[in-house]
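# Residue-level structural notes
The primary structure of each chain is shown beneath.
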Amino acid sequence: MSVNQESTGLVGRSMPRVEDAALLTGRGRYIDDLPTRRDTAHLAILRSPHAHAEIRSIDTSKALALDGVHAVITGDDVASLTRSLTVGVKANVECWPMARERVRYVGEPVALVVAETRYLAEDALDLIEVDYGVLPVVMDPKAALQDEAPLLHPSLGSNCISERSFRYGDPEKAFSEARHRIAVEISYPRNSCTPIETYGVIAEYDPGEDAYDVTANFQGPFSIHAVVALALKVPGNRMRLRTPPDSGGSFGVKQGVFVYAILAAVAARISGRPVKWIEDRLEHLMASVSATNRVTRLEAAVEPDGRVTALSWDQIEDCGAHLRAPEPATLYRMHGNMTGAYAISNLAIRNRVVLTNKTPTGLNRGFGGPQIYYPLERLMHRIADELGLDRLEVIRRNLVPSGAFPYRTASGALLDSGDYVAAFEAALKDGGFDDLVERRKRAREAGKLYGIGLAAAVEPSVSNMGYITTVLTPQERAKAGPKNGAQAVATIGIDPLGAVTVKVASVPQGQGHRTVLAQVVADRLGLPFEAVRVNTELDTGRDAWSIASGNYSSRFAAAVAGTARLAADRIRERLAAIAASQLNVEAAQVEFAGGRIFDRNNPDNSVSFNRVAASSHWAPGTLPDGIGHTIRETLFWTPEQLEAPTPVDGINSSLCHGFIFDFCGIEIDPATGAVRIDKYVTMHDCGRILHPGMVEGQVRGAFAQAVGAALFEEYAYGEDGSFLSGTLADYLMPTVMETPEPVILHYESPSPFTPLGAKGVGEGNCMSTPVCIANAIADATGASDITLPLSPGRIADLIFGEEKPSSNPQARKPAKARPGERQLTGEGSATVAASREAVWKMLLDPATLEAIIPGAHGVEKVSDTHFRADVTLGVGPVKGRYRAEIKLSDMVEPEAVTLSGSTQGALGFGSGVGRITLTDADGKTVVGYRYEAGIGGKVASVGGRLLDGAARVVIGQFFQALARHAGGGSGGGGILARLKALLGGRS
């Protein structure tokens, strides 16, 4: 990492992290490590297997009868104790934390079980019987806007929950006068950050106080406190929110835990005991918040030399089944930055927020940035190619010019500091761009596919709380009252022995709060680094906080650490006055260093820091007149630059604006489509660097996640709404083997708006890297349309064209799966040591069927052609109990039979049709089978590879058991086994 300035104090040095000793030795305290009361019960959640369905009935009687179950809770129970969740727009729609009357996405909570253990609670889920009436789904945001699209919320009357248009400058004139109009259309996919630690909640209810006490691993979390209190119908002082000392990562997604905090709180109230819930990985992938997917058409008015005079954005934001707070934050966070790093004075924007049958969205690292910079930087690439210009020159000509800062963008952002052109040129020189061009030339001469990608971006940090109100019209904002600012809070306390403690209203997820805050405060008070202790636990019933405080939008360095600096300055000023009276000098002559306070002109005239600092405790009467105590200082800070949206919708949506310029070289294997990142250079202007080592860690972390977004990660859904990325075998993430070492460069331009001159840096590469890699692949392949993630299959399409249909297709087309199902087909045979007549009898014998069906608990013969069975089957991490119905038809004794059936369980559902044939083979019987089936729910999320493998295993188990029984004179039933294998077992 290259940094162009050096530090002489503690701030600016890579001090050893205070946090690491505990974390690296396994002594971290995460939410699942915290002690709980002895009577704490455990919560499990029954989730919908369907993307869209009416809930006709829920039978909880069997679950309630299970010994050790304390409560079974449905959506109506939750609604009786809560309010509909806050929706960020004015719309006639309710948003409950659990499904009522209908489900709208796979994984939506349908019922809660509170039991003595999590195991019992999970068992009870299997006993809940839900009757669903499956409804049509809409998964594509553009299709959701059509008049004939299924409605998710009939009260809304549309799937478009918000639409606003904006105009800045004179875009119509710019487009009418433009020599060229160049556009891109982008469909940015869903993905999500996947922290090692999933969601967790511990909740208690005090009936005497009508108060809730909730511990959860929120990120934020103050902005959500009011939402939770309102939902629980209690004032804020009766909703105590606490966070654990450590968090196993968040990257934004843990703001989404608030829905489960509400559910756990209600469960604690109904069950009459504390409740604990820890999300499992399958739940997290299926039902926690993901980033939004967005469909964008971006058009530019362009001069012949490549300069852009206007942009026109048309954005369709898919927020899933419900618009939950703080959405549509992802769409509006970047509203002031819609021109990116470029000086473009004319701007038109159309924003539509659409609901589909997917999980509700939330904040993910860089939220809003990837969805903006992908089309914008693809457009700059396209402009250069269509006009025959050098891509570097197009970027250079459009950058905000040197000397223009602070620079006001067309839509209102105030870019605080920088020299984008100088940073751009430094990156090209120090990063070896000319060498990369030569490398590309040599690779292409050798017949290789090699491309160079470029991307420029502005990284906003310290979000203005008022940006989200831009979704409202000026008239609606005036009625609701102004919202703006970005409050940060810091408390510095000094004990009777002079020891210094720092407390901030910010919850770390790996950013090194304790280390950096100790550096900042120790620097200002002239103390050794080890002398300052930082407490990062949070308790809304005890700590100072504001709704705008917390840790999100890269707030820590710029706002939180800066506020700690201001609080330290106040303490320092009072300490200097006290020490001056003891040293008989003017306060202006006092210096702090080495744990002592002394006369600058006579360092021997000194007194210990501890003695002066503790005087407010031991001898308050000796303090000089007019000097306040030095026991504790709490400071609230918000910058004046963060104003409410203007009457014409101008908004400075963030306080600080870093600059990023990336370039990379990519080589593609022409045989496999595999992508190798040959070199990646990323230049950052993040203002003053407080801790170079942790800045490098933040850049590397964001880069790794961005490589995932570019090449691997996607929340995939079937057309029927089934979730297809339900395990880490299907939702792929990069490892150290796929993530190269980036070259990290820095250009420092301290922000004039923050106390320490720092800006954010932790989200930037999530914004710049996906499109930089995509531009390199476009350069290598000559493709104009690039869709993420760029998997080998998609790369192969770019190289070879889309795969043509087989010239020898299968003669038989599989039956179409029902809505919400994943389709499975198969066929095979097995030889059984028994006659056809004996095998036929076995197929109709419930006792034999129960003995040979994998996982069967019992088989009931309703009639000669109708059977019921309870079975438990599992695939990999997914195991559950199912109720199966099987019917026989087209019976040709003893030659063939057709079976049709369905299964339903807590983990999913299925239906299918199979044909079994019995063929004589020298006294033995060849049992042939062919089936078509569909499965849905959690089991369908496991993925094709596991499903196919599991189906073969279960079918094999069945026929092996059949052969054993046949050899011993008894027989076995492929009917139910087949049914299980292809439905429940197949999953």
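Use the structure listed above.
A quick note: this is a predicted structure, and the numbers were derived from the prediction, not measured. (Residues numbered from 1 in each chain as written. Predicted model: local features only at pLDDT ≥ 70, side-chain atom pairs only at ≥ 80, totals over all residues. Heavy atoms only, no water.)

### Here's the deal with the packing of helix H11 (residues 369-387) against helix H21 (residues 764-781)
Spelled out, the test is: Angles here are taken between N-to-C directions and fall from 0 to 180 degrees, while the axes themselves are lines fitted to C-alpha atoms, restricted in helices to the stretch in contact. Here a helix means four or more residues in a row that DSSP labels H or I, a strand means two or more in a row labelled E, and each is numbered from the N terminus. Helix crossings are classified by the rotation of the near helix relative to the far one: an anticlockwise turn of less than a right angle makes the crossing left-handed, while a clockwise turn makes it right-handed. Two residues form a contact once any of their heavy atoms are found within 4.5 Å. In this classification, Asp, Glu, Lys and Arg are treated as charged, Ala, Val, Leu, Ile, Met, Phe, Trp, Tyr, Cys and Pro as nonpolar, and every other residue, Gly included, as polar.
Contact geometry of H11 with H21 gives a least axis separation of 8 Å together with a crossing angle of 35°. Taken as a pair, H11 and H21 cross one another with a handedness that is right-handed. On H21, the residues touching Gly369, Pro370, Tyr373, Tyr374, Glu377, Arg378 and His381 of H11 are Cys766, Met767, Pro770, Val771, Ala774, Asn775, Ala778 and Asp779. In terms of residue class, the contact of H11 with H21 is made up of nine nonpolar, three polar and three charged.

### Concerning the side chain of threonine 359
Note the following rule: Definition of a polar contact: a pair of N or O atoms within 3.5 Å, with one able to donate and the other able to accept a hydrogen when the atoms are protein atoms, and with sequence-neighbouring residues admitted only if both atoms are side-chain atoms.
For threonine 359, the location among the structural elements is in the loop between strand S15 (346-354) and H11. One polar contact links threonine 359 to tyrosine 717, side chain to side chain, over a distance of 3.3 Å. With residues up to four places along the chain from it excluded, the contact list for threonine 359 reads Tyr105, Val106, Arg190, Met286, Ala287, Ser288, Ser290, Cys319, Gly320, Ala321 and Tyr717.

### Things to note about the packing of helix H20 (residues 692-711) against H21
What counts is decided by this rule: Throughout this description, any angle smaller than 35 degrees is read as roughly parallel, any larger than 145 degrees as roughly antiparallel, any in the 65 to 115 degree range as roughly perpendicular, and the remainder as oblique.
Remark: H20 packs on H21, axes separated minimally by 8 Å, with the N-to-C direction vectors making an angle of 45°. Compared by their axis directions, H20 and H21 come out oblique. Relative to H21, H20 is oriented so that their crossing is right-handed. Counted together, Val699, Ala702, Phe703, Gln705, Ala706, Val707, Ala709, Ala710 and Leu711 of H20 and Asn765, Cys766, Thr769, Pro770, Ile773 and Ile777 of H21 form the full contact between these two elements.

### Side note on the sheet that holds strand S24 (residues 596-599)
As a reminder of what qualifies: Think of it this way: DSSP has to see at least two bridges between two strands before they count as a pair.
Ordered by their spatial adjacency, three strands build an open sheet running S23-S24-S25, and the pairing between neighbours is antiparallel. What marks the edges here is a single partner per strand, and that holds for strand S23 (590-593) and strand S25 (602-608). Neighbour-to-neighbour, the strand axes of the sheet open up by a mean angle of 35°, direction not taken into account. Relative to S24, S23 runs antiparallel, the two sharing four bridges. Within the sheet, the bridge partner assigned to phenylalanine 592 lies in S24 and is isoleucine 597. On top of the sheet, helix H17 (residues 556-583) reaches S23, S24 and S25; it is set at about 115° to S23, its chief contact.

### Looking at the packing of aromatic side chains
Each pair of aromatic rings is reported with the distance of its centres and the angle of its planes. What counts is decided by this rule: Between rings of Phe, Tyr and Trp, where Trp is taken as its six-membered ring, a pair exists when centres lie within 6.5 Å; planes separated by under 30 degrees are stacked, by over 60 edge-to-face, and by other angles tilted. Look at NZ for Lys and CZ for Arg. If either is within 6 Å of the ring centre and within 35 degrees of the ring normal, a charge sits over the ring.
Taken as a whole and assessed by the stated rule, the structure comprises 16 aromatic pairs. Relative to tyrosine 332, the ring of phenylalanine 166 has its centre 6.2 Å away and its plane inclined at 70°; by these criteria the two rings are edge-to-face. Taken together, the residues phenylalanine 166 in strand S7 (residues 160-168) and tyrosine 332 in helix H10 (residues 329-332) connect sequence positions 166 residues apart. In textbook terms, an aromatic cluster arises when at least three aromatic residues are bridged by ring pairs, as seen for Phe424, Phe433, Phe661 and Phe663. Over the face of the ring belonging to tryptophan 96 we find arginine 100, whose NZ or CZ atom lies 5.1 Å from the ring centre. Across from the ring centre of phenylalanine 367, 4.4 Å away, lies the NZ or CZ of arginine 333, which sits over that ring.

### Considering the environment of valine 695
What counts is decided by this rule: With a 1.4 Å probe rolled over the protein chains alone, any residue whose accessible area is under 20% of its type maximum counts as buried; one over 50% counts as exposed, and the rest are partly exposed.
Inspection of the secondary structure assignment puts valine 695 in helix H20. For valine 695, a relative accessible area of 10% corresponds to the buried category. In sequence terms valine 695 and valine 761 are 66 residues apart; their C-alpha atoms lie 7.0 Å from each other. The contacts of valine 695, once residues within four sequence positions are left out, are Cys686, Ile689, His746 and Val761.

### Quick word on the sheet that holds strand S11 (residues 239-243)
Across the sheet, eight strands lie side by side as S3-S5-S1-S12-S9-S10-S11-S22; this open sheet has mixed pairing. Either end of the sheet is taken by a strand with one partner, and the two such strands are strand S3 (69-74) and strand S22 (538-539). Along the sheet face, helix H4 (residues 118-127) touches strand S1 (41-47), S3, strand S5 (109-115) and strand S12 (275-278) and points at about 30° away from the line of S1. Across the sheet, helix H8 (residues 258-271) touches S1, S3, S5, strand S9 (200-206), strand S10 (211-216) and S12, and the angle it forms with S9 is around 40°.

### A short note on the pattern of salt bridges
Let me state the cut-off plainly: Salt bridges, as used here, are contacts in which a Lys or Arg side-chain nitrogen is within 4 Å of a carboxyl oxygen on Asp or Glu.
A full pass over the atoms with the stated rule returns 59 salt bridges. Note that aspartate 385 is salt-bridged to arginine 391, the shortest N-O span being 2.9 Å. Residue class for aspartate 385 comes out partly exposed when judged on its relative accessible area of 39%. Between arginine 524 and aspartate 569 there is a salt bridge; the shortest N-O distance is 2.6 Å. Of this pair, arginine 524 sits in helix H16 (residues 513-525) while aspartate 569 sits in helix H17, and the two are 45 residues apart along the sequence. With relative accessibility at 23%, the residue arginine 524 sits in the partly exposed group.

### Observations concerning a negative patch on the surface
The condition that has to hold: For patches, a residue must show more than 30% relative accessible area and have no salt bridge; joins then use 9 Å for like charges and 5 Å for nonpolar side chains, namely Val, Leu, Ile, Met, Phe, Trp and Tyr. Here the accessible surface of atoms and residues is derived via Shrake-Rupley with a 1.4 Å probe, and residues count as covered only by protein chains that are part of the display. Within this scheme the basic residues Lys and Arg register as positive and the acidic residues Asp and Glu register as negative, but His and the chain ends are omitted. Positions of charges follow a simple convention, taking NZ of Lys, CZ of Arg, CG of Asp or CD of Glu.
Taken together, Glu837, Glu893, Asp920 and Asp922 make up a surface patch of like negative charges. Among the secondary structure elements, aspartate 920 is positioned in strand S35 (residues 908-921).

### Some points on the pairing of S12
Across two bridges, the pairing between S1 and S12 is parallel. Of the residues in S12, the one forming a bridge with alanine 41 is valine 275. Across four bridges, the pairing between S9 and S12 is antiparallel. Across the sheet, valine 201 pairs through a bridge with tryptophan 277, a residue of S12.

### Examining the side chain of aspartate 649
The residue aspartate 649 is located in the loop between strand S26 (632-637) and strand S27 (654-668) in this model. On the accessibility criterion, aspartate 649 (8% relative accessible area) is buried. Among the polar contacts listed, one links the side chain of aspartate 649 to the side chain of arginine 164, at a separation of 2.9 Å. For aspartate 649, the residues in contact, after removing those within four places along its chain, are Arg164, Phe166, Tyr168, His335, Ser411, Thr470, Leu472, Pro474 and Arg477.

### Observations regarding unusual backbone geometry
Most peptide bonds adopt trans geometry, and most residues besides glycine take a negative phi value. Residue proline 326 is reached from alanine 325 by a cis peptide bond, and omega for that bond is 5°. Take proline 326: it is sitting in the loop between strand S14 (308-318) and H10. Each neighbour pair has its own omega, and for leucine 788 with proline 789 the value is -10°, a cis peptide bond. Assignment of secondary structure puts proline 789 in the loop between H21 and helix H22 (792-800). Backbone geometry places valine 462, a non-glycine residue, at a positive phi of 60°. Tracing the sequence through the fold places valine 462 in strand S18 (residues 449-463).

### Comments concerning the environment of alanine 268
In this structure, alanine 268 sits in helix H8. In sequence terms alanine 268 and alanine 71 are 197 residues apart; their C-alpha atoms lie 9.5 Å from each other. Among residues more than four places away in sequence, those in contact with alanine 268 are Ala203, Glu204, Tyr205, Arg273 and Val275.

### With respect to the nonpolar core
Here is the rule we go by: What we call a nonpolar core is a set of buried Ala, Val, Leu, Ile, Met, Phe, Trp, Tyr and Cys residues that are connected through their side-chain atoms within 4.5 Å.
Ranked by size, the top nonpolar core spans 157 residues in total, and within it Val201, Val214, Leu311, Ile383, Phe661 and Ile773 carry the most contacts. Take this core: its biggest share by element is 11 residues, from H8. Each residue touching valine 201, except ones within four places of it in the same chain, is listed here: Ile31, Val214, Thr215, Ala216, Val257, Tyr260, Ala261, Ala264, Val275, Lys276 and Trp277. Counting 58 residues, the second-largest nonpolar core is a separate cluster that includes Val462, Ala567, Ile578 and Met694.

### Quick look at helix H7 (residues 222-231)
Of all the 10 residues making up H7, seven are buried; the element is thus mostly covered by neighbouring parts of the structure. Every buried residue belonging to H7 is among Phe222, Ile224, His225, Val227, Val228, Ala229 and Ala231, and all of these are buried. Among the structural elements, helix H3 (75-81), S11, H8 and S22 are those in contact with the buried residues of H7. Of the residues flanking the end of H7, it is lysine 233, one or two places downstream, whose phi is positive at about 60°.

That's the geometry; what it means functionally is another story.
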